[in-house]
Amino acid sequence: MVFASDSFIFLFLPVFLATYALAPAAWRNLVILAFSWTFYAWWRLDFLPLIVSIAVWSWLTGLWIAARPPERRRLPLIVAILWPLLALVWFKYANLFAETALSLGAPLTGWQAIVLPIGLSFFVFGAISYSVDVARGTVKAEPSFINYATYQSMFGHLVAGPVVRYEWVAERLKARAFDRDEFALGVERFMLGFAQKVLLADTLAPLVDAGFSLSNPSAADVGLSVLAYALQLYFDFAGYSSMAIGLGLMVGLKFHENFDNPYLSFSITEFWRRWHISLSTWLRDYLYIPLGGSRTGLARSCVNVMITMGLGGLWHGASWTFLVWGLWHGIGLVWVRLWRAVGLPVPPVLVGHVATLLFVLFGWLLFRAQTWAEFGVMLHGLSGANGWGLSDALGAALRPTHLLTIALGIALVYVPLAGRASPQLAAKGRWLTSWSALPLWLAAVWVLQGRTVVPFLYFQF
C-alpha cells in the first residue's frame, strides 16, 4: 500500500484518523503504532518482526547507554548500532557483494537473492541517530517503548523517509493537544504532495522508462530522458516528503522540511543544503563531523567529504553506480572547496546555476542506470554517436501530456524566484497554493482511477 492509492486514501487513512480521534489521549501513540505496523505488514508481514526487533533493540540499548556515565558509553553505543547496521548490510548489500564475488569467479553457486525490506535504510538511520544522540547527551533516553516505537515506526515516514530524528518529536510524543490549524495545514500538505506525485511524477514515468530502455539513444533522447527523470525524481520524492510532513501534522508531530527548491541552487554545495535535507544533515552530523569534518585541515576535510558522499551514495542502493554517483557529488563538493581555498572569484550567478544543473543532471544518469552497461549506453548516446535529434522510438513514446508536464514542472521549479523578488507575490503565491490544494487533489484522485499505482522511487532505498 502506498499513499497514492485508493486503499490508502479511502480506507486506511479515514479509519486511522477516526480511530485516532476517538481514542483517549493516553492511547493515541499506541493507535499510531498499531496502524503503522499494520501499514508495514500490508506490504510483507514476514518482515515486520525485523522492524520490531530493531525498535526493541534500539530502545533497550538507549536505556543502557543513558544509565552509563558519559565516559563509559562507547561500548553500549557500539552494541546499540551493531544490530541495525548488520541488518542493513545483510539485507541491502549481501546481493551486491555476492554478485561482485561471483563476477570475480568466487565459488558461490546457488546464491539466492535476498529481498530488501522497504524503508529499512530510513528505519536504521533513525535508530542510529537516536543511539548516538543519547550517547552524546543531546536527547534523553525515551522511557516508554510505545513512544519510542511510535517515533521509529510512524507510517508517515516509515517506508520512504524523511530521516526523522527523535529530538524533532520527543516533546510531542509525551503530550500534545489537537490543533485545528495544524491539522488543516497537514491536510493541505498531504493533498499538494499527492498531486505532485500523481499529476507530475507519475505522468513522466512512462517517458523516463522509454528513454532509459533505448538500446541506441541519440543525444536528444538522453537529454530529454534525463530532464524528465530529474523532474520525476524531484516531484516524486518531494511529493512524498510533503505527504509525510502532512500526515505528521495531522496527529501533532512535526517533521522538518526535506526539500528547499534544490534545482534553484547556484553551486553543488548549495544543492546539498536543499536536496534531501534530512539525509544530507544526517550524513554531516553522524559521519562527516565524527570523521573530523573540516577541523583537520583542507586535505583531510576533502577526504572526509569523499568518504561521506561515497557512503551516502551507496546508502541509496546496492549498486556500484550509486557509489560512483556519490563520489561524483563528492568531487563537486571538493572542487567548490578548493576553488574557495585558493581565492578564485565567485562565478556569475547564471553561470553557477547552469553549471550546477548540468552537473546534477549528469549525475542523475548514474543514479538512474541500474548497471554499468545501461550507463554506458546513455553515455554513448550523449556523445552523439547515434545522432543528435530525437529518435523515432522516443518520439513515438512522447505524448503532448509529457511535454506539458515537463513545461509545468520547469515553471514550478522557477516560480519561487518570483516570491523571492517580491514579498507581495510570495503572499499571493501562498494563498493560491492553499486554495488550489483541494482541486489539485481531486484531479489527482480522478487521474489515479485510470492508472496503475506507481510506487514511490525512494521505496527501493
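Residues numbered from 1 in each chain as written. Predicted model: local features only at pLDDT ≥ 70, side-chain atom pairs only at ≥ 80, totals over all residues. Heavy atoms only, no water.

Here we come to the overall build of the chain. What the chain contains, in helices and strands, is 19 helices and zero strands. A total of 461 residues make up the chain; the buried ones form 52% of that total. Taking contacts inside the chain between residues at least 6 apart in sequence as the whole, the part at least 24 apart equals 76%. Surface summary for the chain: the accessible area is close to 20800 Å², and the carbon and sulfur share equals 70%. (Helix = DSSP H or I, 4+ residues; strand = E, 2+ residues; numbered from the N terminus. Buried < 20%, exposed > 50% of the residue type's maximum accessible area, 1.4 Å probe, protein only. Contact = heavy atoms within 4.5 Å. Areas by Shrake-Rupley, 256 points an atom, 1.4 Å probe, with all protein chains shown as cover.)

In terms of domains, the chain is made up of domain 1 (6-98 + 114-176) and domain 2 (183-459). Each of domain 1 and domain 2 has a C-alpha centre, and the two are 26 Å apart. Counting residues at the interface gives 40 residues for domain 1 and 38 residues for domain 2. Inspection of the domain 1/domain 2 interface yields one salt bridge. Across the pair R165 and D285 runs a salt bridge, and its minimum N-O distance is 2.9 Å. Where domain 1 touches domain 2, the interface holds 13 residue pairs in polar contact (both at pLDDT 80 or more). Only α1 (6-22), α4 (74-103), α5 (120-136), α7 (155-158) and α8 (166-174) provide two or more residues apiece to the side of domain 1 that touches domain 2. Classifying every residue of the side of domain 1 that touches domain 2 gives 27 nonpolar, six polar and seven charged. (Domains from an automatic or database assignment. Salt bridge = Lys/Arg side-chain N within 4 Å of Asp/Glu carboxyl O. Polar contact = N/O pair within 3.5 Å; in protein donor to acceptor, adjacent residues only side chain to side chain. Nonpolar A, V, L, I, M, F, W, Y, C, P; charged D, E, K, R; others polar.)

The N-to-C vectors of α1 and helix α2 (residues 28-43) enclose an angle of 160°; their axes lie 9 Å apart at closest approach. When the axis of α1 is compared with that of α2, the two are roughly antiparallel. In this structure, α1 crosses over α2, and the sense of that crossing is right-handed. Across the interface between the two elements, S7, F8, L11, F12, V15, F16, T19, Y20 and A21 of α1 pack against R28, V31, I32, F35, F39 and W42 of α2. Looking at the contact of α1 with α2 residue by residue, the class counts come to 12 nonpolar, two polar and one charged. (Axes fitted to C-alpha atoms, helices over the stretch in contact; angles between N-to-C directions. Parallel < 35°, antiparallel > 145°, perpendicular 65-115°, else oblique. Left-handed = near helix turned anticlockwise from the far one by under 90°.)

All chains considered together, the criterion is met by 55 aromatic pairs. Note on F8 and F39: the rings are 6.0 Å apart at their centroids and 75° apart in plane angle, and the pair reads as edge-to-face. Of the two residues, F8 is situated in helix α1 and F39 in helix α2; the sequence distance between them amounts to 31 residues. Judged by its relative accessible area of 3%, F39 is buried. Taking 5.1 Å as the distance between ring centres and 50° as the angle between the ring planes, the aromatic pair formed by W275 and W364 counts as tilted. Within this pair, whereas W275 is found in the loop between α11 (268-274) and α12 (277-288), its partner W364 is found in helix α15 (residues 349-368), the two being separated by 89 residues in sequence. For the pair formed by W275 and W364, the shared burial category is buried. In textbook terms, an aromatic cluster arises when at least three aromatic residues are bridged by ring pairs, as seen for F3, F8, F12, F16, Y20, F35, F39, F155, F190, F194, Y240 and W441. (Phe/Tyr/Trp six-rings, centres within 6.5 Å; stacked < 30°, edge-to-face > 60°.)

Now for unusual backbone geometry. Backbone geometry at N261 places phi at a positive 50°, although glycine is not the residue there. By the secondary structure assignment, N261 is in the loop between α10 (219-250) and α11. Note on N261: relative accessible area 23%, which makes it partly exposed.

Glancing now at the pattern of salt bridges. Enumeration over the complete set of coordinates arrives at 12 salt bridges. In this structure, K197 engages D236 in a salt bridge whose closest nitrogen and oxygen atoms are separated by 2.7 Å. In this pair, K197 sits in helix α9 (residues 180-212) while D236 sits in helix α10, placing the two residues 39 residues apart along the sequence. Look at the salt bridges and you will find they share partners, linking R165, R284 and D285 into a network.

On to a nonpolar patch on the surface. A cluster of nonpolar residues, L85, V89, F97, W320, V324 and W372, forms a patch on the protein surface that exposes about 500 Å² of accessible area. Listed by contribution, the elements that provide at least two residues to the nonpolar patch are α4 and α14 (320-341). Top contributing element to the nonpolar patch by residue count: α4, with three residues. Examined against the element boundaries, W320 turns out to sit in helix α14. (Patch = residues over 30% accessible without salt bridge, like charges linked within 9 Å, V, L, I, M, F, W, Y side chains within 5 Å.)

Moving on to the side chain of H329. Along the chain, the position of H329 falls in helix α14. Ignoring any residue separated from it by four or fewer positions in sequence, one finds H329 in contact with I268, F271, W272, M309, F359 and V360.

Here the focus is empty space enclosed by the protein. Inspection of the entire model under this criterion finds two cavities of 30 Å³ or more. If you trace the largest cavity, you find it lined by F122, F123, G126, Y151, Q152, H157, L158, P162, V163 and V164. Of all elements in the fold, only α5, α6 (145-153) and α7 reach the threshold of two or more residues within the lining of the largest cavity. Broken down by element, the lining of the largest cavity gets its largest block of residues, three residues, from α5. Looking at side-chain class alone, the lining of the largest cavity contains seven nonpolar, three polar and no charged residues. (1 Å grid on protein atoms, 1.4 Å probe; cavity = no way out; pocket = protein on both sides within 12 Å on 5 of 7 lines; lining within 4 Å. Points joined across faces, edges and corners; volume = space filled by probe spheres on them.)

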